[in-house]
Structures are given as C-alpha cells and as structure tokens.
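Overview (structure and organization)
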There are 2 protein chains.
Amino acid sequence: MSVTDEILIANEAYARNHELKHLSPRPRKKVVIITCMDTRLSIRTMGLDVGDAHILRNAGGIVTDDVIRSLLISHYQLGTEEFVVINHTDCGMLTFTDEEFRAKLERTSGTASVSPTHFHAFKDVEKNVRDQLQKLRSHPWVDKEISLRGFVYDVKTGRLKEILG
Amino acid sequence: MSVTDEILIANEAYARNHELKHLSPRPRKKVVIITCMDTRLSIRTMGLDVGDAHILRNAGGIVTDDVIRSLLISHYQLGTEEFVVINHTDCGMLTFTDEEFRAKLERTSGTASVSPTHFHAFKDVEKNVRDQLQKLRSHPWVDKEISLRGFVYDVKTGRLKEILG
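Residues numbered from 1 in each chain as written. Chains lettered and ligands numbered in written order. Predicted model: local features only at pLDDT ≥ 70, side-chain atom pairs only at ≥ 80, totals over all residues. Heavy atoms only, no water.

1. Brief notes about the relation of the copies chain A and chain B
We count it as follows: We place the copies in one frame by least squares, fitting the C-alpha atoms of every residue whose pLDDT is at least 70 in both. Any two residues having at least one pair of non-hydrogen atoms within 4.5 Å are treated as being in contact.
The two copies are related by a screw operation: chain A maps onto chain B through 180° of rotation and 0.0 Å of translation along the axis, at an RMSD of 0.0 Å. Classification of the inter-copy transformation places it as that of a two-fold axis. Closest approach to the rotation axis within chain A is made by the C-alpha atom of A:Arg57, at a distance of 2.4 Å. In this assembly the copies share their binding face: 100% of the residues contributing to the interface of chain A also contribute to that of chain B.

2. Here we look at the packing of aromatic side chains
Test applied: Centres within 6.5 Å make a pair out of two Phe, Tyr or Trp rings, where for Trp the six-membered ring is used; the pair is then stacked when the planes are under 30 degrees apart, edge-to-face when over 60, and tilted otherwise. Strands are runs of DSSP state E lasting at least two residues, helices are runs of H or I lasting at least four, and both sets are numbered from the N terminus onward.
Evaluated as defined, the whole model comprises 6 aromatic pairs over all chains. Each ring, one from A:Phe119 and one from B:Trp141, has its centre 6.3 Å from the other, and the planes form 35°; the classification is tilted. Remark: B:Trp141 occurs in the loop between helix 4 (125-138) and strand 4 (147-153) and A:Phe119 occurs in the loop between helix 3 (98-109) and helix 4 (125-138); the pair is interchain, linking two chains. Among the aromatic residues, ring-to-ring pairing joins A:Phe96, A:Phe101, A:Phe119 and B:Trp141 into one connected group.

3. Quick word on the interface of chain A and chain B
Defined as follows: Simply put, the buried area is the total loss of 1.4 Å probe accessible area from both parts when two parts are fitted together. Here, a salt bridge means any side-chain nitrogen of Lys or Arg that lies within 4 Å of a carboxyl oxygen of Asp or Glu. Polar contacts, as counted here, are pairs of nitrogen or oxygen atoms within 3.5 Å of one another; within protein the pair requires one atom able to donate a hydrogen and one able to accept it, and residues that are adjacent in sequence qualify only if both atoms are side-chain atoms. As a working rule, the residues Ala, Val, Leu, Ile, Met, Phe, Trp, Tyr, Cys and Pro are called nonpolar, Asp, Glu, Lys and Arg charged, and the rest polar, with Gly in that last group.
On the side of chain B, 95 residues touch chain A, which itself brings 95 residues to the contact. Both faces considered, chain A and chain B share a buried interface measuring about 7800 Å² in area, 60% of it formed by carbon and sulfur atoms. Connecting chain A to chain B are 10 salt bridges. Salt-bridge contacts for B:Arg149 lead to A:Asp5; the nearest nitrogen and oxygen are separated by 3.1 Å. Applying the counting rule to chain A against chain B returns 53 residue pairs in polar contact (both at pLDDT 80 or more). Secondary-structure elements contributing two or more residues to the side of chain A that touches chain B are helix 1 (3-15), strand 1 (31-36), strand 2 (53-58), helix 2 (65-78), strand 3 (82-88), helix 3, strand 4 (147-153) and strand 5 (160-163) of chain A. Residue composition of the side of chain A that touches chain B, by class: 41 nonpolar, 28 polar and 26 charged.

4. Thoughts on the side chain of B:Arg57
Defined as follows: Burial here depends on accessible area, computed with a 1.4 Å probe over protein chains only, as a share of the maximum for the residue type. Under 20% is buried, over 50% is exposed, and the range in between is partly exposed. Asp and Glu are treated as the negative residues and Lys and Arg as the positive ones, with His and the ends of the chain left uncounted.
Tracing the backbone shows B:Arg57 in strand 2 (residues 53-58). The buried charged residue B:Arg57 lacks any salt bridge, with B:Asp38 as its nearest oppositely charged partner at 6.3 Å. Discounting chain neighbours no more than four positions away, the residues touching B:Arg57 are A:Ile55, A:Leu56, A:Arg57, B:Thr35, B:Cys36, B:Met37, B:Asp38 and B:Leu41.

5. Description of the environment of B:Arg57
Residues and elements named next belong to chain B. A residue is classified by how much of its surface remains accessible, and arginine 57, at 11% relative accessible area, is buried. Remark: the alpha-carbon pair of arginine 57 and isoleucine 86, spanning 29 residues in sequence, is separated by 9.8 Å. Within the structure, arginine 57 has its side chain in polar contact with the backbone oxygen of cysteine 36 (distance 2.8 Å). Only 2.7 Å separates the side chain of arginine 57 from the backbone oxygen of aspartate 38, close enough to count as a polar contact.

6. As for the pairing of strand 5 of chain A
Residue and element names in this part refer to chain A. Definition in use: One bridge is not enough; two strands pair if DSSP finds at least two bridges between them.
Strand direction decides the pairing type here: strand 4 and strand 5, joined by 4 bridges, are antiparallel. Pairing of phenylalanine 151 across the sheet is with glutamate 162, part of strand 5. Between strand 4 and strand 5, which pair antiparallel and follow one another directly, the connecting turn spans 6 residues, one of which, glycine 158, has a positive phi of 80°.

7. So, the pattern of salt bridges
For the coordinates displayed, the defined rule picks out 28 salt bridges over all chains. The partner of B:Asp49 in a salt bridge is A:Arg44, and the shortest N-O contact between them spans 3.2 Å. With B:Asp49 in the loop between strand 1 (31-36) and strand 2 and A:Arg44 in the loop between strand 1 and strand 2, the pair connects residues from two separate chains. One network of salt bridges, with partners in common, ties together A:Asp5, B:Arg149 and B:Glu162.

Dropping the structure here:
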C-alpha cells in the first residue's frame, strides 16, 4: 500500500472526532514561521500549537518570491504582525551547489534550461539567515511595522540561536 | 512581550529534553506534503508525525517555481517518492482577486510594479488542485515514477477528499 493510501485511512480515523474543528482561520498569535521543509522541524520545539501561526516551508527556509507572496497575504489579509525566519544546522542545502544539482537534473531528465533557475543552496547557515532578513527588510511591500527576526535551529541540541541581521 | 520572545522562552524549556534529537534528515515515509500555510492544518489529521515527511507550505498550497525547486531537492537529494497536494475549504485565497490585492499593496506602500507578479488567488478549490497536479505532471524535471495525488481537506469535517487530475 502507498503512503498516500495510508494517509487516507489514518484521516478517516482522525475525522471521527476532528478535534481541530473549532479553530479560526486567523492565526491566534499573529505570527508567521518561515522555515525549511526538513522532516526534523516541528512547531512543538517553539511551544506553538495548531491554530497559533501561519507556517511557510520550502527547501532551506529561503525568502523567495513565493514566500514574499505568502507573507503579504498573511499580513494584509489575515492580520499577522511578526515574521520569524528559521534555518537549521545539518541542512540538505549545505550538501550541494546549484551548478551540480542543475547538471544532475539535466543529465537525468535529458532536458536543459527549464525553471526553476535557482536552487538556493548555501554554504553558511548564519549568513543565509542574514540574507533572508535583508530580503524582507528591503522589500517595498513588506510593512515596516512588522517584527522581522531570524534564527538557526540546532538539530543536535534543539535550541534556537538568534541571528542579528 | 512579543510572540517571538515567547517562542524563545518556550524553546529553552523544550531543549532541556529535546525529544526529537534522534530523527534522520531523510523522511521515514518518503512522502512530501504540499499544502497551505493555513493555521488550521496539521499532519496530525493524516496520521503523520515529525520525521515522516517533507512539508512544503505556502499561501494556497500552490505549485509555484519555488515548490518545484523544493520537490526536486526532496526527491533527488533526500529520496522521497510520493507527492501529495492538499488544498482546503474556506481558504483565504478564495476571498480576493490578484488585481484587488495588487491594488491594495500599491496603495498602501506607494510602490507599484514589484515582484511577486502573481498572487495565485482562486475561485474553485477542486479545479485549483487539478491545476497544481497538472503543473507537476507536465514538468520535465519531475520524475515520471513519482506518485502524484491531490486532495481537498474540509476544515469543517476534517476529511480529505481525493481530486482526480
């Protein structure tokens, strides 16, 4: 059986009680977490629960155009006031370069030159967090009243370390 | 105190035990969930736990260039084999149009014509899921062996409904 089919069976069981039924679409704590898709990350490590925050996740926890899009909608349509960028140690994005990865895709697929054009691999996680904060700070559509802070989560210790932009 | 400061205090408490310490960076169930940033969504409703899956989230659960980027990294660098797209009822993306939202940003900021150029608002959530599946299916870099399935999560009942592409 596929994992997708297992998910459907588990969802049938979940829906018998649906304990998350009474949540509001507006995040209770008015905060957005921008972080990596990595399987080891959880809002549990931040004392957050379902209903508290908007969560944006992609490979690396990068402030891409898509993240800016989502943040603008979060703030202007759903009232969030704090943006928190979290990258983490031992990230997969530290293990390759954009050039290597693109070459691998082109070789495997037999197709060159399609988008995405950037993969956002990086070599220094603290610098990477500072770069993401800078993108937020300099974007003309990001409200200057919003709190913008950045962290590295250490997967070994479970601790967040603040990175000053 | 800001929510960000509350998160730091909660994280200090979490790190004393760090129960997620022994997870692998490779998702145990080799699955990626592509879904919305909405605060009411949780992997709990699918019987998944931390460590099982890569999670990609943006406004709407849209297959953008950034999501394709992340999926390629997930599959080729970290071994995932199933992609699951989940949109949901009562989504904020059903409540505005791209044109209205852009006009609001331009008016509020006094700055026109910057990126992002699309906001991906939609009017029909089932059609939106089919469109996202189609983007995955037609992308030359997405391995044809990967399982691609799409669902709408009903926030009232907690149930996933499969949308056939």
